[in-house]
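Structural characterization, general
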Amino acid sequence: MYKLFIVEDEWLVLQGLKLTIPWEEMRCNVIGEARDGQAGLEGIIANPPDILLTDIRMPAMDGIQLAEKVAELLPQVKIVFLTGFDDFIYAQKAVKLGAADFVLKPTNPDELIQVIGRITSKLDEERRLQSQQERLKLKYGWEQPLIEEKVLYDLMLDYAGTLEREWFVEFGTGIKNNEDGAVIPPYRVLLLQLDGLKDMGTDSTKLRDQIKERIKELSTLTLVRINETRYALLANRQVERDDLAVLLDNLMVLLSSFAQRCVLTVSHSFTTIDLIPAAYIQAMRALYQTVFLGGEKMIWFEDIERQQETVSVNHTVLKELIELVKWGSPSSIEAQTRLWYSHLIHLHADGLTARRSFFEFIVTLNSLLLRDNELHNIVIDSGFLLTSAERVDDSLEQWLIRLNETLFEWNRQCTEQSDPQKKSGFEEIELFIREHYAEDISLQGIAERYHMSESYFSRLFKKQVGTSFLEYVTLIRVRQAKELLTNPRLKIYEVSVQVGYQDPRYFSQLFRKYTGETPTEFRKRLGIESLPL
């Protein structure tokens, strides 16, 4: 339950707020009330609430003055203002104070219920994150380098959650209490490809130590292992090309004595956490351009970007192909790739340009598949791109055959993974989730229901079902949302609530993350227009 304090100078309005709103159903408990700001402040200090519902215009101390004091003393309290149509100037001040929301007077109960619902959802998320962070610090504080590598790995491959992002901002950048956690110091993503590692004998330890020192000159963060031969580094000590190039040259000298073949690629410079996946993709694309660049040892994405501008990738075809891998058949996949391939050959008479376009297509496809929650675990261990890079002399027709064979296999695995007849021992749990997905279900609650510890249940669920509990619930909700959105009489916020999200903005962000488009864009693409009720 969340604690709520009401400050309203009109007795009738105050009583209406207390008695006509189903506070208990909204998981709120009215712990105090006051008729003016001064009395309200004294009550709030004595018994701090989670939510403050206050009028703006009041005697003695108005709502703005009250909010200023509360924000200073208890910054965690969410403040909702009751405002009139003529309170615009006051409302502007309230915005600057970080008001959680506004409700117009005379108060519409349904509107207030929606506002409080959005705020309690935010409080739920804050409590969850705080609990996870406390457990993380307590349980894994001594393993910070391992956590750091895992967080960086998730950020680069674009499936980090809110907890990982906040952890990175706080511990990876050292930024404290940053209002805009997305902005971080400038960085570039580097990729190191080391093939044919040499046995350095007694010199191995010394050489590794020298490499570690070189890496410390480049970044305050740890080196991330992507696979057996590939490493990534988020370089944040030096991002200017001229200065960075000197450090990278020194690193390459050491690495060249450690591996038979060493390639280093560098992304553009960025300054936001949201673009870490984009920086990683740039470094990946630069790495795969070694297919066409021969013996280059160090490749800057900015140098090859102009060449890539001449190579277009049809993202509509890519999206349709990904959907076919999930839901289609080998014949439908092959029909799509053959159609695209015919267009490619017709468009590019020059053989090298056609090969570049083909390779850029499969690199982009691979990147998108890795970021797809349903296909990531299937694609991540595939050697498809490496095989293509190693067999560059094959004909384009052979590349197409290999592409189809890979897509057929991913389609088979995806079909098996989603087969409702497959017995995993979790059928009862999956059925419960599918029937109650719109409710406030949590990993902890389900674990308790089936008499397991949270950590054990989490590991067992992923092993048996093939995805994490949160992703499983989210995917069910997103699929149901797609179906509901085809009904033009349902407003987007109504769809949001029906699939379990009280905050429509959060729902829209999540829907876009999992589908690549907002609910509005999804409807527009299907030619659906909202109708008045």
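Conventions adopted
Residues numbered from 1 in each chain as written. Predicted model: local features only at pLDDT ≥ 70, side-chain atom pairs only at ≥ 80, totals over all residues. Heavy atoms only, no water. Phe/Tyr/Trp six-rings, centres within 6.5 Å; stacked < 30°, edge-to-face > 60°. Helix = DSSP H or I, 4+ residues; strand = E, 2+ residues; numbered from the N terminus. Buried < 20%, exposed > 50% of the residue type's maximum accessible area, 1.4 Å probe, protein only. Lys NZ or Arg CZ within 6 Å of the ring centre and 35° of its normal. Axes fitted to C-alpha atoms, helices over the stretch in contact; angles between N-to-C directions. Parallel < 35°, antiparallel > 145°, perpendicular 65-115°, else oblique. Left-handed = near helix turned anticlockwise from the far one by under 90°. Contact = heavy atoms within 4.5 Å. Pairing = 2+ DSSP bridges. Nonpolar A, V, L, I, M, F, W, Y, C, P; charged D, E, K, R; others polar. pLDDT = per-residue confidence, 0-100. Arc of directions from axis to C-beta. Salt bridge = Lys/Arg side-chain N within 4 Å of Asp/Glu carboxyl O. Polar contact = N/O pair within 3.5 Å; in protein donor to acceptor, adjacent residues only side chain to side chain.

**Let's talk about the packing of aromatic side chains**
- Going through the model one piece at a time under the given rule, you end up with nine aromatic pairs.
- A ring pair is formed by Phe 511 and Phe 522, whose centres lie 5.7 Å apart and whose planes are at 75 degrees; its orientation type is edge-to-face. Pair noted here: Phe 511 is in helix H24 (residues 504–515) and Phe 522 is in helix H25 (residues 519–526), with a separation of 11 residues, a long-range link.
- Residue class for Phe 511 comes out buried when judged on its relative accessible area of 1%.
- By way of ring pairs, the aromatic residues Trp 340, Tyr 341, Phe 358, Phe 361 and Trp 399 are connected into one cluster.
- The ring of Tyr 501 is capped by Arg 477, whose NZ or CZ atom sits 4.8 Å from the centre of that ring.

**What to know about the packing of helix H14 (residues 330–347) against helix H15 (residues 351–370)**
- H15 packs onto H14 with a crossing angle of 150 degrees between their chain directions and a minimal axis gap of 10 Å. Comparing their axes, H15 and H14 come out roughly antiparallel. Here H14 runs over H15; the crossing is right-handed. Listed contacts from H15 to Trp 340, Tyr 341 and Leu 344 of H14 are Ala 354, Ser 357, Phe 358 and Phe 361.

**Notes on the pairing of strand E5 (residues 101–104)**
- Here E5 shows a clear split, with Asp 101 and Val 103 buried on one side and none of Phe 102 and Leu 104 buried on the other.
- Pairing between strand E4 (residues 78–83) and E5: four bridges, direction parallel. Paired with Phe 81 across the strands is Phe 102, a residue of E5.

**Side note on unusual backbone geometry**
- Even without glycine at this site, Arg 27 takes up a positive phi of about 60 degrees.
- According to the relative accessible area criterion, Arg 27 is partly exposed, its value standing at 30%.

**Some thoughts on the packing of helix H10 (residues 276–288) against H15**
- Contact pair H10 / H15: the axes reach a minimum separation of 11 Å and the direction vectors enclose 145 degrees. The chirality of how H10 crosses H15 is right-handed. Contacts between H10 and H15 involve Ile 281, Arg 285 and Tyr 288 from the first element and Phe 359, Glu 360, Val 363, Thr 364 and Ser 367 from the second.
- Split by residue class, the contact of H10 with H15 holds four nonpolar, two polar and two charged.

**Regarding the confidence of the model for the chain**
- Of the residues in the chain, 80% have a pLDDT of 70 or more, and the chain-wide mean is 79.
- Mean pLDDT values over the elements of the chain span from 56, in helix H17 (residues 384–390), up to 94, in strand E1 (residues 2–7).
- The low-confidence segment residues 139–143 (pLDDT under 50) makes three contacts with residues lying over four places distant or belonging to another chain.
- When the criterion is pLDDT under 50, residues 176–181 qualifies, and its contacts beyond four places in sequence or with other chains add up to four contacts.

**Observations concerning helix H19 (residues 427–436)**
- For H19, every residue scored as buried is listed here: Ile 429, Glu 430, Phe 432 and Ile 433. Along the axis of H19, the buried positions cluster into a sector of 160 degrees, meaning they face one direction only. Seen from the open side of H19, the exposed residues pointing more than 90 degrees away from its buried face are Glu 428 and Glu 435.

**Overview of the pattern of salt bridges**
- Applying the stated rule across the entire model yields 15 salt bridges.
- Note that Glu 213 is salt-bridged to Lys 216, the shortest N-O span being 3.7 Å. Highlighted residues: Glu 213 and Lys 216, both in helix H8 (residues 204–218), separated by three residues, approximately one helical turn.
- Since its relative accessible area comes to 49%, Lys 216 is described here as partly exposed.
- Ionic pairing is found between Arg 241 and Glu 302, a salt bridge with its closest N-O pair at 3.0 Å. Separated by 61 residues along the polypeptide, Arg 241 in helix H9 (residues 241–256) and Glu 302 in helix H12 (residues 301–308) bring together distant segments of the chain.
- By relative accessible area, Glu 302 is classed as partly exposed at 24%.
- Overlapping salt bridges, with partners in common, bring together Arg 188, Arg 241, Glu 302 and Asp 303 in one network.

**A short note on the side chain of Asp 62**
- Tracing the backbone shows Asp 62 in the loop between strand E3 (51–55) and helix H3 (63–73).
- The buried category is assigned to Asp 62, whose relative accessible area is 16%.
- Of the polar contacts made by the side chain of Asp 62, one reaches the backbone nitrogen of Ile 64; its length is 3.1 Å.
- Within the structure, the side chain of Asp 62 is placed 2.8 Å from the backbone nitrogen of Gln 65, a separation counted as a polar contact.

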